[in-house]
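# Survey of secondary and tertiary structure
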Amino acid sequence: DLNKFLSEVQAICGNAQPELVDLMYWDTDVARHEVYGRDELGNLVKSTKPAGGGGTDPACIPDYMASKNIKPECAIVLTDGYVGGWGKWSCPVLWCVVGGYKPTPSVGTAIYVD
């Protein structure tokens, strides 16, 4: 699922041409934060180094971004949907929910990935 998701992110970036992408791996905390400039996005799938695992608390993501003064225009979050809460976000959020469970997030929009 992660490789498919990252490939889709890379394709979206190819179309949208963002100046910067912050890629975060998380569980109950942000375990790894990678930053890709426009000229590095083509290597995102090959160069990323996943980290973390165990527990699912997406509230750690907006908390982390606030602590680092990261102000995204939007967020795309991959999850299985089994979360304790959805967190408080200051930007639009697209939840890509994998694994068959179809929760309704309290914030943002969900798509269910088969």
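Residues numbered from 1 in each chain as written. Predicted model: local features only at pLDDT ≥ 70, side-chain atom pairs only at ≥ 80, totals over all residues. Heavy atoms only, no water.

### What about the side chain of Thr48?
Relative to the helices and strands, Thr48 is located in the loop between helix H2 (44-47) and helix H3 (60-67). Reaching out from Thr48, the side chain makes a polar contact with the side chain of Glu34 at a distance of 2.7 Å. Once you skip the residues sitting within four places of it in the chain, Thr48 turns out to touch Leu6, Leu23, Tyr25, Glu34 and Tyr36. (Helix = DSSP H or I, 4+ residues; strand = E, 2+ residues; numbered from the N terminus. Polar contact = N/O pair within 3.5 Å; in protein donor to acceptor, adjacent residues only side chain to side chain. Contact = heavy atoms within 4.5 Å.)

### Considerations on the environment of Leu41
Assignment of secondary structure puts Leu41 in the loop between strand E2 (30-37) and H2. Residues Leu41 and Val21 lie 20 residues apart in sequence; the distance between their C-alpha atoms is 8.0 Å. When near neighbours in sequence (up to four residues on either side) are disregarded, Leu41 contacts Gln10, Cys13, Pro18, Val21 and Tyr36.

### Digging into the pattern of salt bridges
Taken as a whole and judged by the stated rule, the model has one salt bridge. Linking Glu34 and Arg32 is a salt bridge whose minimum nitrogen-to-oxygen distance equals 2.7 Å. The buried category is assigned to Glu34, whose relative accessible area is 7%. Arg32 gets classed as partly exposed once you look at its relative accessible area, which sits at 32%. (Salt bridge = Lys/Arg side-chain N within 4 Å of Asp/Glu carboxyl O. Buried < 20%, exposed > 50% of the residue type's maximum accessible area, 1.4 Å probe, protein only.)

### So, H3
Since the α-helix packs 3.6 residues into each turn, any two residues three or four apart lie on the same face. Looking at H3, one finds that the buried residues are Cys60, Ile61, Pro62 and Met65. The inward-facing, buried residues of H3 abut strand E1 (20-26), E2 and strand E3 (75-79). Immediately beyond the C-terminal end of H3, within one or two residues, lies Asn69, with a positive phi of roughly 60°.

### Regarding the packing of aromatic side chains
Taken as a whole and assessed by the stated rule, the structure comprises three aromatic pairs. Taken together, a centroid distance of 4.8 Å and an interplanar angle of 75° make the contact between Trp86 and Trp95 edge-to-face. The residues Trp86 and Trp95 share a single accessibility class, namely buried. An angle of 90° between the planes, with centres 5.7 Å apart, marks the rings of Trp89 and Trp95 as edge-to-face. As far as the burial class goes, Trp89 and Trp95 line up, both buried. The rings of Trp86, Trp89 and Trp95 are connected pair by pair, giving a single aromatic cluster. (Phe/Tyr/Trp six-rings, centres within 6.5 Å; stacked < 30°, edge-to-face > 60°.)

Functional significance is not addressed by these values, which are geometric in nature.
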